[in-house]
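Listed below are the residues making up each chain.
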Amino acid sequence: MKKILLLLTTMALFSSCQEEGPLTSDNAITTIVPEAVLKYVGTFEPTGGITVTGEAKIYLENGVYKLQLEDFTISDGPDLKVYLSKSNTPTDFVNLGNLTSQTVYAIPTSVDVAAYSHVLIHCQQYNHLFAIAPLTQN
C-alpha cells in the first residue's frame, strides 16, 4: 500500500509541473546589434528582502523588439522568470523566459510592446515577485 501511495504521489508531482512552451523556454539570443534603437528603459527596484541592480532596456532591431538586462544582478531564487507586464504585479503579462545567464530576450512579434509598462522578475513556483522595472519611453 505504501508503494502504491508513493508511486501515485510521484506521478502527481511530475504531471503537475508546467511544461515549457516557446515563451518559457530558454532562447539563445545573446546580443543586440549596434544599429538597434533603444525604445524603453527602466531601473530595477527590489521587493522586500531581495537585492537587485541593473536596468531593463527594450530595443527595436530589424522590426523585432528585444529586452536586454544590463548590469543586472539579483538575489538567488528558484524558478525565476522574466515578464513583460502591464502593471507592477504579475497579473497581465507575457512570459519572456527563464532568468538565466543570458541577458537578451526576444519579445514575440504578436506583443504590442507599447501596452506594457513594466519588466518583472518573478518566482513562478512560489508566486513571489523579486524585482520591478517601470519602463519609460526613450
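Scroll up to find the structure.
The rules behind each value
Residues numbered from 1 in each chain as written. Predicted model: local features only at pLDDT ≥ 70, side-chain atom pairs only at ≥ 80, totals over all residues. Heavy atoms only, no water. Helix = DSSP H or I, 4+ residues; strand = E, 2+ residues; numbered from the N terminus. Buried < 20%, exposed > 50% of the residue type's maximum accessible area, 1.4 Å probe, protein only. Contact = heavy atoms within 4.5 Å. Areas by Shrake-Rupley, 256 points an atom, 1.4 Å probe, with all protein chains shown as cover. Pairing = 2+ DSSP bridges. Polar contact = N/O pair within 3.5 Å; in protein donor to acceptor, adjacent residues only side chain to side chain. Phe/Tyr/Trp six-rings, centres within 6.5 Å; stacked < 30°, edge-to-face > 60°. Lys NZ or Arg CZ within 6 Å of the ring centre and 35° of its normal. Core = buried A, V, L, I, M, F, W, Y, C linked by side-chain atoms within 4.5 Å.

## Some details on the overall build of the chain
Here's step 1: Secondary structure summary: the chain contains 1 helix and 10 strands in total.
Here's step 2: Going residue by residue from the N terminus, the α and β elements of the chain occur as α-β-β-β-β-β-β-β-β-β-β.
Here's step 3: Here the chain, with 138 residues, has 39% of them falling under the buried criterion.
Here's step 4: Look at the contacts in the chain between residues 6 or more apart in sequence, and 58% of them connect residues 24 or more apart.
Here's step 5: Split by element, the accessible area of the chain, about 8100 Å² in all, is 56% carbon and sulfur.

## Observations concerning the sheet that holds strand β7 (residues 104-106)
Here's step 1: Strands sit in the order β7-β4-β3-β1-β10 across an open sheet of 5 strands; the sheet is antiparallel. What marks the edges here is a single partner per strand, and that holds for β7 and β10 (136-137).
Here's step 2: For strand β4 (residues 64-74) and β7, the ladder comprises 3 bridges, and the chain directions are antiparallel. In the strand pairing of β7, L67 is matched with Y105.

## Notes on the side chain of H118
Here's step 1: With respect to the secondary-structure elements, H118 resides in strand β8 (residues 118-123).
Here's step 2: A residue is classified by how much of its surface remains accessible, and H118, at 14% relative accessible area, is buried.
Here's step 3: Of the polar contacts made by the side chain of H118, one reaches the side chain of S117; its length is 2.7 Å.

## Observations concerning the packing of aromatic side chains
Here's step 1: The final tally for this structure, using the stated rule, is 2 aromatic pairs.
Here's step 2: Pairing Y83 with F93 gives two aromatic rings, centres 3.9 Å apart and planes at 10 degrees, and the pair type is stacked. With Y83 in strand β5 (residues 80-85) and F93 in strand β6 (residues 93-98), this pair connects stretches of sequence that are 10 residues apart.
Here's step 3: Given the relative accessible area of 2%, Y83 is considered buried.
Here's step 4: Under the relative-accessibility criterion, F93 is labelled partly exposed at 32%.
Here's step 5: For K86, the ring lying beneath its charged end belongs to Y116, and the centroid distance is 5.3 Å.

## Description of the sheet that holds strand β9 (residues 128-134)
Here's step 1: Pairing is antiparallel across the open sheet formed by 5 strands, whose spatial order is β2-β9-β8-β5-β6. Among the strands making up the open sheet, the edge pair consists of β2 (45-46) and β6.
Here's step 2: With 5 bridges connecting them, β5 and β6 associate as antiparallel partners. Bridge pairing in β6 links L84 to V94.

## Quick word on the nonpolar core
Here's step 1: Membership of the largest hydrophobic core comes to 28 residues, with the highest contact counts inside it found for F44, L67, I74, L84, L99, V119 and I121.
Here's step 2: Listed by contribution, the elements that provide at least two residues to this core are β3 (52-61), β4, β5, β6, β8 and β9.
Here's step 3: The element best represented in this core is β4, accounting for 4 residues.
Here's step 4: When neighbours within four sequence positions are excluded, L84 is seen to be in contact with I58, D92, F93, V94, L96, I107, V111, Y116, H118, V119 and L135.

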